Amino acid sequence: EHPTMKPLMQQERQIEQQLRQYVEGTFDEAKVQALAAQKAQIQAQMTIAHTRTHNEMYQILTADQKAQLKQMQADHEARMKERMNQEPTAPPEQ
């Protein structure tokens, strides 16, 4: 899927550059809205490509590899949940 992703990533970068002009210059809500819609469409296409690639990889795994992957995903989710429940650390004093 890399050939599919590269032009999408380039388009997304171009949109980000265009959006920057409305941060640094005069804000035009209609133009920002149009760029945001384009960016959302690109991100949707990227999500589809990523999911397709992951599916293709998953389909060639053995049963043991699928079980290992599921365990790794569960471990990762548990770590993320644990981090979300931790108290935020205080910023360093200056």
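One can find the structure itself at the top, above this paragraph.
Computed from a predicted structure; not experimentally measured. Per chain, the residues get numbers from 1 upward, laid out in the order the sequence is written. This being a predicted model, a pLDDT of at least 70 is required before a residue's local features are given, and a value of 80 or more before pairs of side-chain atoms are given or counted; all residues contribute to the totals for chains, interfaces and linings. Side-chain metrics rest on all non-hydrogen atoms present in the structure, leaving aside hydrogens and water.

Student: I tried to follow the nonpolar core on my own but got confused; where do I start?
Tutor: Generally speaking, soluble globular proteins have nonpolar side chains that are buried together. Definition of nonpolar core: a set of buried residues of the types Ala, Val, Leu, Ile, Met, Phe, Trp, Tyr and Cys, connected through side-chain atoms within 4.5 Å. Using a 1.4 Å probe on the protein chains alone, a residue whose accessible area is under 20% of its type maximum counts as buried, one over 50% counts as exposed, and one in between counts as partly exposed. Met5, Leu8, Ile15, Leu19, Tyr22, Val32, Leu35, Ile42, Met46 and Ala49 form the largest nonpolar core, which has ten residues in total. Under the scheme used here, helices are H or I runs from DSSP no shorter than 4 residues and strands are E runs no shorter than 2 residues, and both carry numbers assigned from the N terminus. Counting residues per element, the ones that place at least two in this core are helix 1 (2-24) and helix 2 (29-59). Contact partners of Leu19, with chain neighbours within four places excluded, come to Val32 and Leu35. Throughout, a residue-residue contact means that at least one pair of heavy atoms, one from each residue, lies within 4.5 Å.

Student: Is there a simple way to think about helix 1 in this case?
Tutor: Structural remark: α-helix, 3.6 residues per turn; residues separated by three or four positions point the same way. Relative to the 33 Å expected for 23 residues at 1.5 Å per residue, helix 1 spans 33 Å between its end C-alpha atoms, a close match to the ideal helical length. Among the residues making up helix 1, those that are buried are Met5, Leu8, Glu12, Ile15, Leu19 and Tyr22. The inward-facing, buried residues of helix 1 contact helix 2. The span expected for a helix works out to 1.5 Å for each residue beyond the first.

Student: Mind showing me how you'd approach the environment of Ile42 here?
Tutor: Here Ile42 shows up in helix 2. By relative accessible area, which is 6% here, Ile42 ends up buried. A sequence separation of 35 residues divides Ile42 from Pro7, and the C-alpha atoms of the two residues are 9.8 Å apart. Discounting chain neighbours no more than four positions away, the residues touching Ile42 are Leu8, Gln11, Glu12 and Ile15.

Student: Help me understand the pattern of salt bridges, please; the structure alone is not making it clear to me.
Tutor: Once the charged atoms of two side chains with opposite charge are near each other, the side chains can pair. When a carboxyl oxygen of Asp or Glu lies within 4 Å of a side-chain nitrogen of Lys or Arg, that pair is called a salt bridge. Summed over all chains, the structure comprises two salt bridges. Lys39 is the partner of Glu16 in a salt bridge, and the nearest nitrogen-oxygen pair spans 2.1 Å. Of this pair, Glu16 sits in helix 1 while Lys39 sits in helix 2, and the two are 23 residues apart along the sequence. What makes Glu16 partly exposed here is its relative accessible area of 30%.

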